Amino acid sequence: MARLVMKFGGSSVADIDRIRNVARHVKREVDAGHEVAVVVSAMAGATNKLVELCRAASVLHDQREYDAVVASGEQVTSGLLAITLQAMGIAARSWQGWQIPVTTSDQHGSARILGIEGGPLLDGFEAGQVAVVAGFQGIHAESGRIATLGRGGSDTSAVALAAAIKADRCDIYTDVDGVYTTDPRLVPKARRLDKIAFEEMLEMASLGAKVMQVRSIELGMIHNVRIFVRSSFDKPEDIDPHRPPPGTLICDETEIMEHEVVTGIAFSRDEAQISIRSVEDKPGVAAAIFGPLSDANINVDMIVQNVSADGKTTDLTFTVTAADFERAKDTIEKARSAIGFARLDTAAEVSKISVIGVGMRSHAGVAASAFRALADRGVNIRAITTSEIKFSLLIDAAFTELAVRTLHTLYGLDKA
Ligand code: ADP
Ligand code: ASP
Ligand code: MG
């Protein structure tokens, strides 16, 4: 007997038929004698609609009320799945975040989980009951207000719950049958990975692969939760209980025997570039630029500094998320006299392509071959950053697909 957390994302619970399919997956594990806690997302598209309703009510709104609204999507699916399981003769009950409780910080809209009281669910297991937990939500204990964990947060609910109840495995059921070398929607030749190290998945997720929420991987890493990404679209009847199902295990690096140099490629179209031209090259300039951005709570990602066309001053380029673009431009304009510069050039239509692999630690020249391959295809690189297990390139958004496919082939990631 094992203790499992099974998480189902929005497309897996998109309608009653799909919820029935989920219930059959749960039944399969219950029949095999396992203790099961299920974490569900809202029905596909439901959270977007709720977010839109908040905006329609008032563009500037109280984040606590936003959370009250958007958490409702998961309340619906947890109840519906419990009803469906009961109709199949399986003892089940729904749990809202506040009922367990899942306690969180007070950063409404992107709260962090502080603790999960596993006791009540374990009591339910004793009584042979499946726990159906609403993902994405918790409660800020001091204020008693509902809080949500940021978009894609049900992944984090699932991994945190797996850690809290010491589950043997956390299965993430989604609309793809695992983690691929890159988004299979963009690159049909993408290959499913059998295993990926936490560190690599963390980079993939934070650099744009939305298959798992970043925070869920951080938690998995800290608590060493075995996370298995698999498809909910497989028919439960077709799954052979004696053979491992197709999917990807996210695990400790030491569990992976063979490392390719490059494991995967992530991309993000959610970027914007700001170049400050002809800044005087003297101490304090970077502080004059990045101080006000930081005060305005704007996260700066890539930073590149080079000599200006006049040979005397310097140009400073950096990127921010598309959401922060207007505010960032505004902040720099306001600091203009303190910084002192000739011109501001900006570009909103840019993408960041990132190449990831723990094998890069021990291989030189990985990035250099990318520069050549992209140059051969006429793709201009606007900025570059590197770290131990990844490098990222900023390019014109129009070339995203070409660049990802080119690098995917270059590093031998295409499936046979
Ligand atoms: P869910 O609703 O189940 O949480 P998501 O839409 O959040 O599912 O995540 C699954 C999607 O992530 C896939 O449909 C796929 O397009 C996308 N994705 C991006 N990068 C990858 C990758 N490297 N491997 C697998 N899926 C990826
Ligand atoms: N329903 C939430 C969202 O769409 C959480 C999730 O699906 O993980 O972001
Ligand atoms: Mg998701």
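Everything in this summary refers to the structure shown in the same document. (Residues numbered from 1 in each chain as written. Chains lettered and ligands numbered in written order. Predicted model: local features only at pLDDT ≥ 70, side-chain atom pairs only at ≥ 80, totals over all residues. Heavy atoms only, no water.)

Before going further, it helps to spend a moment on the pattern of salt bridges. Enumeration according to the criterion identifies 33 salt bridges in this entry. A salt bridge links Arg169 to Glu29, with the shortest nitrogen-to-oxygen separation between them at 4.0 Å. Residue Arg169 is found in strand β9 (residues 169–174), and its partner Glu29 is found in helix α1 (residues 16–31); the two are separated by 140 residues along the sequence. Owing to a relative accessible area of 7%, Glu29 belongs among the buried residues under this scheme. Where Asp171 meets Arg169, a salt bridge forms, and the shortest distance between an N and an O atom there is 2.7 Å. Residue classification places Asp171 among the buried positions, given a relative accessible area of 0%. The network of salt bridges with shared partners includes Arg28, Glu29, Arg169, Asp171 and Arg230. (Salt bridge = Lys/Arg side-chain N within 4 Å of Asp/Glu carboxyl O. Helix = DSSP H or I, 4+ residues; strand = E, 2+ residues; numbered from the N terminus. Buried < 20%, exposed > 50% of the residue type's maximum accessible area, 1.4 Å probe, protein only.)

Glancing now at the side chain of Asp177. Assignment of secondary structure puts Asp177 in the loop between β9 and β10 (195–197). There is a polar contact of 2.6 Å between the side chain of Asp177 and the side chain of Tyr180. There is a polar contact of 3.0 Å between the side chain of Asp177 and the side chain of Arg192. When sequence neighbours within four positions are dropped, the list of residues in contact with Asp177 reads Arg192, Val229, Arg230, Ser231, Pro246 and Gly247. (Polar contact = N/O pair within 3.5 Å; in protein donor to acceptor, adjacent residues only side chain to side chain. Contact = heavy atoms within 4.5 Å.)

Near ligand 2 you find Ser41, Ala42, Thr47, Glu74, Phe136, Arg151, Gly152, Gly153 and Ser154, and these make up its full shell. Note that a nitrogen atom of ligand 2 is positioned 2.6 Å from one of the side-chain N or O atoms of Glu74. At 2.9 Å, a backbone N or O of Gly152 approaches an oxygen atom of ligand 2. Considering ligand 2 on its own, with 260 Å² of exposed area, one finds that the protein chains cover 86% of that surface. Considered class by class, the residues forming the shell around ligand 2 number two nonpolar, five polar and two charged. (Near = heavy atom within 4 Å. Areas by Shrake-Rupley, 256 points an atom, 1.4 Å probe, with all protein chains shown as cover. Nonpolar A, V, L, I, M, F, W, Y, C, P; charged D, E, K, R; others polar.)

With that settled, consider the site of ligand 1. Residues in contact with ligand 1 amount to 18 residues; listed here are only the nearest, Thr174, Asp175, Tyr180, Asp183 and Arg185. Contact distances for ligand 1 include 2.8 Å between an oxygen atom and a side-chain N or O atom of Asp175. At a separation of 3.2 Å, an oxygen atom of ligand 1 approaches a polar side-chain atom of Lys210. Alone, ligand 1 offers 570 Å² of accessible surface; in the complex the protein occludes 90% of this.

Our next topic: the pairing of strand β12 (residues 248–251). Across the two faces of β12 the burial is the same, with Thr248 and Ile250 and Leu249 and Cys251 all buried. The sheet contact formed by β10 and β12 spans three bridges and is parallel. Residue pairing in the sheet places Lys195 in a bridge with Leu249 of β12. As judged from the three bridges shared by strand β11 (residues 227–231) and β12, these two strands associate in the antiparallel manner. In the strand pairing of β12, Val229 is matched with Thr248. (Pairing = 2+ DSSP bridges.)

Read from one edge of the open sheet, six strands run β14-β15-β13-β16-β18-β17, paired in antiparallel fashion. Each edge of the open sheet carries a strand with a single partner, namely β14 (303–307) and β17 (383–387). The average angle at which neighbouring strand axes cross in this sheet is 30°, direction not considered. As defined by bridge partners, strand β13 (residues 264–279) adjoins strand β15 (residues 314–321) across seven bridges and the pair is classed as antiparallel. If you follow Val279 over to β15, its bridge partner there is Thr314. (Axes fitted to C-alpha atoms, helices over the stretch in contact; angles between N-to-C directions.)

Here the bond from Ile100 into Pro101 is cis, since omega is -10°, no more than 30 degrees from zero. With respect to the helices and strands, Pro101 occurs in the loop between β3 (92–95) and β4 (102–104). Phi is positive for Lys166, close to 50°, though the residue is something other than glycine. Residue class for Lys166 comes out exposed when judged on its relative accessible area of 68%.

The subject of this paragraph is the environment of Val59. Note that Val59 resides in the loop between α2 (46–57) and α3 (63–70). Separated by 239 residues in the primary sequence, Val59 and Ile298 place their C-alpha atoms 20 Å from one another.

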